[in-house]
Amino acid sequence: MKDTRKKREELRKTWDPFLLVPFTDQEEKTGKLFVFLYYVIIFIIGLLMLAFGFFSKSALMMLISVSSPDATTISNRPFSLLFLGCSLIVPNVLVFLKMLWKITFTDSSLPSKEVLFLVCGIELLVAFGTTVLTVVAMPHFDIITNIMILNSVCILPAVTQVINPTMDKMTKWLMLPPLLSIFLVLVGFVLFFVGYQMQRTTYGVVGNKDIYLYIGLAIGSTLLVSLNWWENFTSMIKSKRLDRIRLDLEASRNMTYLISSVVRIVVTGIVVGAYVPLSGQSWSSIRNVSSDKITIVLSLFAIQVISSALCHWFGVIACKMHAFRRGFALPMIFITPAVFVAFLFMFGMRYKTAKDASGVGNFSLTLYCRDFDSTLGNGVEVAKQLFRDVSHGLCNRVGGQNDVHMALLVGEFVTMWLGLFLSTLYVWMMNTDRIERTTQLYLKPMYEAAFIDQCSLLNIRFYSREQEYRFKKNSEKKVDDEPLMIYLCATMWHETCDEMIKMFTSLFRLDQHRPKHRAKKDNFCFESHIFFDDAFIEKVNKQTGKKKLYVNEFAEFLVEVFEEVYKGFCKDNSSFKDQNTQNGEHKIMPTPYGGRLCYVLPHGNCLYVHFKNKQRIRHKKRWSQVMYLYYLLGWKLTRKYFTSLEKGESQKNLERRLKKEKHNTYILALDGDVDFQPSSIMLLIDRLKKYPKVGAACGRIHPTGFGPMVWYQKFEYAVCHWLQKTAEHVFGCVLCSPGCFSLFRGAALMDDNVMKKYATKATEAAQYVQYDQGEDRWLCTLLLQQGWRVEYNAASDAYTNAPQEFNEFYNQRRRWGPSTLANTLDLLHSGAETAKKNSSISSLYIFYQIFTVGSSILGPASVCLMIAGAFSFVFNWDANFAILLSVLPPAVYIIICYTTKPAFQLAVAAILSVLYAFLMTATFLSIIGQMVEENTFITPSGLFLVSASILYVTTAILHPQEFGLLIYGLMYLICIPSGYLLLSIYSLVNLHIVSWGTRESTSEVAKEKTMGVVCNKNCTMCCWDIKIEVNQETKNVVLQQIQQTIQPKNKNKQQNLNNLQEIQLQTLPQDENEAAPFKRPSASRLSGQHGPSPPPSDKSDDQYENEKHIRFKDLDEDKDEDQDQNQNWDQNEDQTEDLSENVWIKPIKDEFLKKLTYANLKRNLAEQIKYALRDKKHEDVCEELVLMLTDTLNQELYDTVGPEDILPDSLVEELKESLNDCARRILVMNQVETLQKRVRRAIEKTLMAPQVEKLPDEEHDFWVKLIERYLEPLSEDKAHKEEVKRELKSLRNKATFLYFIVNILWVVATFFLQAIGEAISIKIPKVYPNGTVADEYLNVEPIGLMFLLTFAVLLIVQFFAMLYHRVYTLIHMVSYRSTEKEYKTKDSDDEDEDGLTIVNNLPSMFSIEDDIPM
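Since the structure is predicted, the reported quantities are computational estimates derived from the model, not experimental observations. (Residues numbered from 1 in each chain as written. Predicted model: local features only at pLDDT ≥ 70, side-chain atom pairs only at ≥ 80, totals over all residues. Heavy atoms only, no water.)

Let us now look at the overall build of the protein chain. Helix and strand content of the protein chain: 56 helices and 17 strands. Burial analysis of the protein chain (1414 residues in total) assigns 53% to the buried set. For the protein chain, the share of sequence-separated contacts (at least 6 apart) that also reach a separation of at least 24 residues comes to 81%. (Helix = DSSP H or I, 4+ residues; strand = E, 2+ residues; numbered from the N terminus. Buried < 20%, exposed > 50% of the residue type's maximum accessible area, 1.4 Å probe, protein only. Contact = heavy atoms within 4.5 Å.)

This is the structure:
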């Protein structure tokens, strides 16, 4: 019979070789279109920066020109000087507001006196120099000289670069550019002085008798202004005092610049205010300025301010997008030449116009400057006036010696501009990371109004390698060159095959994106772990009656799904005959918690599957997380440093290394059904790399599935992420980083009061709600309270299955709702202490959260009032009667929830949800009808509906990839009563139920419930199930007799039930095919329809008696022995030491050993040789090797084993020796002995058998102690359970009373306000769409209007936060796509000993097992 089955299987493979493989080609790649769009975006940003910089500098130059004593456009100099000074003050005002915002929403320490006096002293000198230069000196020069003189502020930064003491011999050439810069600037100063000296002696311009004073003031002021960037270039000086000052400044930068900005504003105001009377002017004259002159000055001022701010902002964007050269340095350096050329062109055009209009044949520049420079010319009147002053100033400069003066003028500009270019040459060589922090890019938080381009270039941080290390080694900044270790930790339980495929496909994508052989080059490596809850099952041998431990059907799914996904990812390396080539490197390990499978993914990264036995270790998701946190962060990370300390290594050095590794170790928490791309992880890693205080980061979670409930959740998730999470991210911290896809920093998890407290077992009623009902939110609460920041990245997408049934959805939210409220209230309760520890949480953010919590608590009452409005309008009922009627269904449902079982509550909620959906449709139609009837939408409800619609549509437009979710918004709107009214009631009234609610194992419960069931009917309607069940009070007499026969002494009901289940299990029919211990699932199981678990193996009793295995307790043990079960495990550990004889191991090992069949070996050997020698130059040798080694394999095995027989170990060793000898001879004959190592490795991998290994003794002891201390299975006695149940009900009663009484008070207040009538109502004038105001008024109760307005304000605040967040999300995404590497299959040059990994030839798990008759 066995041979017959093998022949059938071989026959099936000949006509059924087809596979259903996962979509492995969905990996995101940077396509040509994106590259094109990237360059377009960078070009546009650079062009905008150049344009705004051009307008900023041009407006400033014209504002200075109209402030000149010789200006004709504005005769009132104090007025123009006032706005010239205001343009200098605006950046300082912006600094003040920015620092005030940061201090308000984040924490900032106070600076020391030394730092404060130093910074304020330097800022005073800079402000004084800037004001004197622009207000006092520059109005006396021509516009070209003014453009030129601004470039000279680079002289002191160039000097500090030359005297840089950290320059070694290899970088001495870097001194040449700043040295040339100093020379050129000095030459420019000389030409500047010579030019005006020649003007003074040869042309004798009137009014320039004090020109030497202004030249001296200009040169001196530029030296003072160049002190502005002292921190950038003094960082290269080795000084402990300077290092201390810089460290103090880094810690107190917000407060320091807040104070220094005030100093600069005051100094600028004093200088401007004092200069006017000193220059013989009077401030009182500004009252006599005409309106047209005011328009000119204000226009120049507005252009200068707005253009400067936008130029600075686009510069920041370009740097963050990793476009330093193309998008930042290039446009910045060409702003001054553009302005220079523009004004010369304008001067030339005026000269040409005057020449054409004069009719003089020999019209020279001297003649133009003498007779025509004051003419208006052609064009707009304002422009003509401004350009006339510009031309007049240039004519005063060039005078009669046209060629000489013009040459000096151009020479001044060229030397000064080249000096700036050479002194900032390092900017062109900058190579920053993605989304570099603004504080790490720029020294100063804002721009300088008079030096928009010079400031932007000189403000870029410049650090030498030595100084950066010396300065940063004691700070909290992470060194990016340190390697990152990412642990991907997924928790699984009863996932279906489709869900497992998503998970494995995501892991294989990441393995392909970050191969193991690139780990050292990329400073990035990862390791995957899957923690499988409740993975074992007891099976009773029908012959011996003994119980043995096997992996359950879901664990079988996991093993088989892994093989299938592996085949899909290896398909590109195989021909159609070799579709079954798979991975061959497996390890199986029994562990104190159950068992472990070790895989090697195609590109060398490791995957570990931890099978948990709930009888030996605590199960459920939180305890799986505690398990991997202590294993990865405690055992694997921390322990080695304590071991090194015991060996005598320096404690200080070890602490430094441990701190660094904790900081660079990340844990990606995953659910077992999540689907993600490698880019999603990399985007989260960027956040943690760049911001050292970020303890966790989450991405955009997309629910998947089909049906009305999923449609509702799609829009609900979208709104939550679009508005709520972005607002939390911008104003403070995200409160919940979902456990299905979140990246955590190891240092944050290992901080005090985080991991230790997270491992706390719930003992009180409130703890059951907060700890176990929403573990991810509680973990984030612990991180926030400890001072860590939690962030949200909208570009990091992950997809997870959402509840598709009404009951499952309500039960999930029954957990989430109370947990969310409990954790938020806990955070608000400790708000003052949290704000002190967490720099990202401010008192204002705490107030924002209080407001949002209050709005959510009042949700049910608000829904009732909205429904009352619908009743009032649709049925023309009295408003008070409508309120009473709207409150009636929720009140009845509250009574139902208190008095009936959850199943009936859910059925009632489903029916009410449908009725409310119809009513909500009528409600929105009534609002529209009211607007039509009133002939205006300027009503509270109308304005809210219209504005909310516009807001959501605009938000969706800003998320173009998710714009289609607006369709599901209609489903969301009509389900608002179900989601905000009925669900709130159901969640709170069932607060005492702490079961999971989703994916629960119901096998034992179902068996108990089916006893005595007379009728059981299920009715499925749309998205919910209605179950009708009729039970009889007395159990079946026959069943009771069977129980008494089996165990007459048992009086416990639960023990009787267990015995009954044992009898039913033993009497299940079994055929020959079902007897395999690791049976391949049937088609129904693979499609997600889980049937009963396969029966035990058909081994003989003697074979089972000879195997040592894990034994479970007998069913006839008494209650005392049950409680001592966990203590007996330690006594039975010796039974698991014989690893090869564990019962659960053998079925898995047998599956893996199918690789070593005769048929598979031939295929796998040829494939391994082809992969090892895949270079074209080895093609001939490869063909010969494949041919000869296949012949050797046939000679050794043809008459020895059958095609599907597994080779014994002795035969494998003999075959390996024969194949190596044959390969060696062929390679020697072809004179390619260097390939022998590769070929030998290929042969070894072909013949590699799965290894059954023993867990190292130290790790074994670790797991035993961890389980004993934190993870022992919960075994609470009945009395404790009853006590907890009473406490939970008491907590439920208190919470519901407070919750419902607040909502009742809100409804009652509205009821009485409406009953009083118009006496206290607010009258709003009726406005028609055309803008006319009617004589009648709309009466609105004050409380309703207040709530409506506050909710609208909340939406507007969240909307603007979303706008801010979208901009920076776009920046991050573009920078990622433009810099992230793409990897292909590694070349032979990169290969060391790794070859193609191949596994057993398993028949496809998606293939059809039997022929289906037509």
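Now that the structure is up, let's keep going.
Further remarks concern the confidence of the model for the protein chain. Detailed reading of the predicted model is not advised wherever pLDDT is low. Averaged over all residues, the pLDDT of the protein chain is 76; the fraction at 70 or higher stands at 72%. The model gives residues 573-583 a pLDDT under 50, and that stretch makes 40 contacts with residues more than four places away or in other chains. Residue range residues 1002-1012 is modelled with pLDDT below 50. Its contacts to residues more than four positions away, or to other chains, number 13 contacts. (pLDDT = per-residue confidence, 0-100.)

Core analysis: the biggest nonpolar cluster contains 108 residues, and Met61, Phe141, Phe328, Phe343 and Ile460 have the highest contact counts within it. Examining the composition of this core, we find that 11 residues originate from one element, helix H12 (residues 291-320), more than from any other. Once residues within four sequence positions are removed from consideration, methionine 61 is found in contact with Met138, Ile143, Asn146, Ile147, Leu150 and Phe343. Formed by 73 residues, the second largest nonpolar core is a distinct cluster that contains Leu735, Tyr771, Leu783 and Ala1361. (Core = buried A, V, L, I, M, F, W, Y, C linked by side-chain atoms within 4.5 Å.)

Before going further, it helps to examine the side chain of serine 67. For serine 67, the location among the structural elements is in the loop between helix H2 (32-65) and helix H3 (77-105). Engagement of the side chain of serine 67 in a polar contact is seen with the backbone oxygen of leucine 63, the distance being 2.8 Å. Among all residues touching serine 67, those that are not within four sequence positions of it are Arg77, Ser80, Leu81, Leu84 and Pro139. (Polar contact = N/O pair within 3.5 Å; in protein donor to acceptor, adjacent residues only side chain to side chain.)

Bringing helix H35 (residues 843-857) into the picture now. Between the first and last C-alpha of H35 there are 21 Å, a value that for 15 residues agrees with the 21 Å anticipated at 1.5 Å per step. Buried within H35 are the following residues: Tyr845, Ile846, Tyr848, Gln849, Thr852, Val853 and Ser855. (Expected span 1.5 Å × (residues − 1).)

The next subject is the pattern of salt bridges. Counted according to the given criterion, the structure contains 27 salt bridges. Put simply, arginine 461 and glutamate 250 hold a salt bridge, and the shortest N to O gap is 3.2 Å. Residue arginine 461 is found in the loop between helix H20 (452-458) and helix H21 (465-472), and its partner glutamate 250 is found in helix H10 (residues 240-251); the two are separated by 211 residues along the sequence. Where glutamate 791 meets arginine 687, a salt bridge forms, and the shortest distance between an N and an O atom there is 2.8 Å. Taken together, the residues span a long stretch of sequence, with glutamate 791 in strand S12 (residues 789-801) and arginine 687 in helix H27 (residues 678-690) at a distance of 104 residues. Take glutamate 791 and arginine 687: they sit in the same class, and that class is buried. Among the charged side chains, a salt-bridge network with shared partners connects Glu123, Arg264, Lys444 and Glu448. (Salt bridge = Lys/Arg side-chain N within 4 Å of Asp/Glu carboxyl O.)

Our next topic: the packing of aromatic side chains. Taken as a whole, this structure holds 49 aromatic pairs when the rule is applied. Note on tyrosine 845 and tyrosine 848: the rings are 6.1 Å apart at their centroids and 25° apart in plane angle, and the pair reads as stacked. With tyrosine 845 and tyrosine 848 both in helix H35, this residue pair falls 3 residues apart, about one helical turn. Linked through ring pairs, Tyr712, Phe715, Trp722, Phe806, Phe809, Tyr810, Tyr952, Tyr972 and Tyr986 together constitute an aromatic cluster. It is arginine 618 that lies over the ring of tryptophan 623; its NZ or CZ is 4.4 Å from the centre. (Phe/Tyr/Trp six-rings, centres within 6.5 Å; stacked < 30°, edge-to-face > 60°. Lys NZ or Arg CZ within 6 Å of the ring centre and 35° of its normal.)

A word on the pairing of strand S3 (residues 536-540). Strand direction decides the pairing type here: S3 and strand S4 (residues 547-551), joined by 5 bridges, are antiparallel. Within S4, the position partnered with lysine 539 by the bridge is lysine 548. Here S3 folds back onto S4 in antiparallel fashion, the turn holding 6 residues, of which glycine 545 has a positive phi close to 75°. (Pairing = 2+ DSSP bridges.)

A few words now on the environment of lysine 757. Along the chain, lysine 757 falls in helix H30 (residues 755-758). Note on lysine 757: relative accessible area 36%, which makes it partly exposed. When the C-alpha positions of lysine 757 and leucine 779 are compared, they lie 9.2 Å apart, and in sequence the two are 22 residues distant. Apart from residues lying up to four places away in sequence, lysine 757 is in contact with Tyr771, Trp778 and Leu782.

A few words now on a nonpolar patch on the surface. Side chains of Phe873, Val874, Phe875, Trp877 and Phe881 sit close together on the surface and give an oily, nonpolar patch of about 440 Å² of accessible area. Mapped onto the elements, valine 874 comes out in helix H36 (residues 859-874). Accessibility expressed as a relative area gives 41% for valine 874, which makes it partly exposed. (Patch = residues over 30% accessible without salt bridge, like charges linked within 9 Å, V, L, I, M, F, W, Y side chains within 5 Å. Areas by Shrake-Rupley, 256 points an atom, 1.4 Å probe, with all protein chains shown as cover.)

Now for the environment of histidine 312. By the secondary structure assignment, histidine 312 is in helix H12. Given a relative accessible area of 11%, histidine 312 falls into the buried group. As a C-alpha pair, histidine 312 and isoleucine 452 span 140 residues in sequence and 7.6 Å in three-dimensional space. Dropping the residues within four chain positions of it, histidine 312 is found in contact with Pro445, Met446 and Tyr447.

Between helix H37 (residues 879-899) and helix H55 (residues 1278-1316), the shortest axis-to-axis distance is 10 Å and the interhelical angle comes to 170°. Taken together, H37 and H55 sit at an angle that is classed as roughly antiparallel. Between H37 and H55, the contacting residues are Ala879, Asn880, Ile883, Leu884, Val887, Ile894 and Tyr898 on the first element and Arg1292, Asn1293, Thr1296, Phe1300, Val1307, Thr1310, Phe1311, Gln1314 and Ala1315 on the second. Its residues placed into classes, the contact of H37 with H55 shows 10 nonpolar, 5 polar and 1 charged. (Axes fitted to C-alpha atoms, helices over the stretch in contact; angles between N-to-C directions. Parallel < 35°, antiparallel > 145°, perpendicular 65-115°, else oblique. Nonpolar A, V, L, I, M, F, W, Y, C, P; charged D, E, K, R; others polar.)

Let us now look at unusual backbone geometry. A positive phi angle is found at lysine 620, which is not glycine, with a value near 90°. Structurally, lysine 620 can be placed in the loop between strand S7 (606-612) and helix H25 (621-646). In this model, asparagine 753 sits at a positive phi of 60°, which is unusual for a non-glycine residue. Its place among the elements puts asparagine 753 in the loop between helix H29 (746-749) and H30.

What follows concerns the state of the cysteines. For the structure on display, the rule yields 0 disulfides. With no disulfide partner, cysteine 736 has as its closest neighbouring cysteine sulfur the one in cysteine 780, 5.4 Å distant. (Disulfide = S-S within 2.5 Å.)

The next subject is the pairing of S12. With respect to burial, S12 is a largely interior element, 11 of its 13 residues being buried. With 2 bridges connecting them, strand S9 (residues 675-676) and S12 associate as antiparallel partners. Bridged to phenylalanine 676 within S12 is alanine 798. Taken together, the 9 bridges between strand S10 (residues 694-704) and S12 define a ladder with parallel strand orientation. Looking at the pairing, proline 703 lines up with threonine 800 of S12.

Structurally, the position occupied by alanine 870 is in helix H36. Of the residues examined, alanine 870 reaches a relative accessible area of 1% and is grouped as buried. Along the sequence, alanine 870 and alanine 922 sit 52 residues apart, while their C-alpha atoms lie 6.9 Å from each other. With sequence-adjacent residues up to four places away left out, alanine 870 is seen in contact with Phe875, Thr923 and Ser926.

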